[in-house]
Amino acid sequence: MSSLHSAAATLVTLAEGSEHGGNHESLNPYVTGGGALVVLLLMLWVTTRFNRDR
């Protein structure tokens, strides 16, 4: 039973250490979202250019 208590205490200290959000400082959410939007729009454009069925 003490092993379980020790494992729980270790998990609690790990959880307390990551309270600042866990994100890397260099990752800007606006740049990440904008980049994803550009990639998805580019994929949509390429798909519609190659789909000549209509």
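Parameters at a glance
Residues numbered from 1 in each chain as written. Predicted model: local features only at pLDDT ≥ 70, side-chain atom pairs only at ≥ 80, totals over all residues. Heavy atoms only, no water. Helix = DSSP H or I, 4+ residues; strand = E, 2+ residues; numbered from the N terminus. Buried < 20%, exposed > 50% of the residue type's maximum accessible area, 1.4 Å probe, protein only. Areas by Shrake-Rupley, 256 points an atom, 1.4 Å probe, with all protein chains shown as cover. Patch = residues over 30% accessible without salt bridge, like charges linked within 9 Å, V, L, I, M, F, W, Y side chains within 5 Å. Salt bridge = Lys/Arg side-chain N within 4 Å of Asp/Glu carboxyl O.

A word on the overall build of the protein chain
Stage number 1. On a plain count of helices and strands, the protein chain comes out with 2 helices and 0 strands.
Stage number 2. Looking at the protein chain as a whole, 0% of its 54 residues qualify as buried.
Stage number 3. Carbon and sulfur atoms form 67% of the exposed surface of the protein chain, whose accessible area is close to 5300 Å².

Brief notes about a nonpolar patch on the surface
Stage number 1. A contiguous nonpolar surface patch, about 470 Å² in accessible area, is contributed by L42, W45, V46 and F50.
Stage number 2. As for its position among the elements, W45 is in helix α2 (residues 29-50).

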